[in-house]
Amino acid sequence: MQHPKATERNVNVRKMKWYSLIDKVYRVENLESAWKQVKANRGAAGVDGVTIKDFGKDLHGNIEKLSLDMRTNSYVPKPVRRVEIKKDTGGIRPLGIPSIRDRVAQQSARNVLEPIFEPKFLDCSFGFRPGRSAHMAIERIKLFLEAGYVWVVDADIKGYFDNISQEKLIDEVAKEVSDGSMLKLIRSFLQSGVMVNGTFELTDKGTPQGGLCKALHNPPYAKKVIMQSKLLKY
């Protein structure tokens, strides 16, 4: 039997909220680490036309300016560039491509926030988690089949990322994070808008597919608002 005080400590850990995070996001060292990840992922330029190569030409200056803007609350993300790609199953999938500068900011935020949410997921969850993949999920299904289970349910939520409630998402993040500046930053990513054929459009719902924070925004929302159950394997 677990010692009562140990149980009390575990409850306290689960109830702990994070109050000071934004300073980790705009720390130069963290932004530099985020830049390396963005560079490794490559990708196209955003609405400002600045490529990864362009950003890297004055890397120190760009990182310092981004850090200063975030530290002084003057950072404003640019609208994402809308690109449409054909889906294998037919139809069009809209992608939102943030500027390189915004991708660095998003990646730095993700690096700070992801460790907070990652431990809260069940072992049966594979989507958008570090070190996990669809292939690993398939291997898990194979194990269930070998154990005697006979049903596999393949379901897709139509227009999921396009219709996420931003307020519900922020509410879920706020249950773990009390840093108002961090919540404001996430909201700014969500509401940065999109450029479609040269026309600006507001984004009052959803989160752009193609943005690095898609993986960050998805888990807390999916866990509480969509579904996650210990009974999923049954």
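Definitions and cut-offs
- Residues numbered from 1 in each chain as written.
- Predicted model: local features only at pLDDT ≥ 70, side-chain atom pairs only at ≥ 80, totals over all residues.
- Heavy atoms only, no water.
- Helix = DSSP H or I, 4+ residues; strand = E, 2+ residues; numbered from the N terminus.
- Expected span 1.5 Å × (residues − 1).
- Contact = heavy atoms within 4.5 Å.
- Core = buried A, V, L, I, M, F, W, Y, C linked by side-chain atoms within 4.5 Å.
- Buried < 20%, exposed > 50% of the residue type's maximum accessible area, 1.4 Å probe, protein only.
- Salt bridge = Lys/Arg side-chain N within 4 Å of Asp/Glu carboxyl O.

J.: Please clarify how helix α7 (residues 134-146) should be interpreted in this entry.
T.: Residues three or four positions apart in an α-helix share a direction because the helix packs 3.6 residues into each turn. Taking 1.5 Å of rise per residue, the 13 residues of α7 would be expected to cover 18 Å, and the 19 Å separating its terminal C-alpha atoms lies within 8% of that figure. Downstream of α7 by one or two residues, Gly-148 has phi in the positive range, about 115°.

J.: Before we go on, may I ask you to explain the side chain of Ser-67 in this structure?
T.: Relative to the elements of secondary structure, Ser-67 occurs in helix α5 (residues 59-71). Apart from residues lying up to four places away in sequence, Ser-67 is in contact with Tyr-26, Val-28 and Leu-31.

J.: Explain the nonpolar core here, please?
T.: Nonpolar side chains tend to gather and get buried jointly when the protein is soluble and globular. With 35 residues, the main nonpolar core has Val-25, Met-70, Val-104, Leu-113, Val-177, Met-182 and Leu-185 as its most contacted residues. Elements that contribute at least two residues to this core include exactly α2 (22-25), α3 (28-41), α4 (52-57), α5, α6 (100-117), α8 (160-163), α9 (166-174) and α10 (180-190). Considering every element that reaches this core, the biggest residue donor is α6, with 8 residues. Sequence-distant contacts of Val-177, defined by excluding residues within four places in its chain, comprise Lys-17, Trp-18, Leu-21, Leu-113, Ile-116, Met-182 and Leu-183.

J.: Looking at this model, I keep getting lost on the pattern of salt bridges. Mind explaining?
T.: Side-chain pairing between opposite charges can occur once the charged atoms of the two side chains come close. Under the defined criterion, the tally for this structure stands at 11 salt bridges. The partner of Asp-69 in a salt bridge is Lys-65, and the shortest N-O contact between them spans 2.8 Å. Note that Asp-69 and Lys-65 are positioned in helix α5 at a spacing of 4 residues, about one turn of the helix. Residue Asp-69 is classed as buried on the basis of its relative accessible area of 9%. Notably, a salt bridge pairs Glu-139 with Lys-142, separated by 3.4 Å at the nearest N-O pair.

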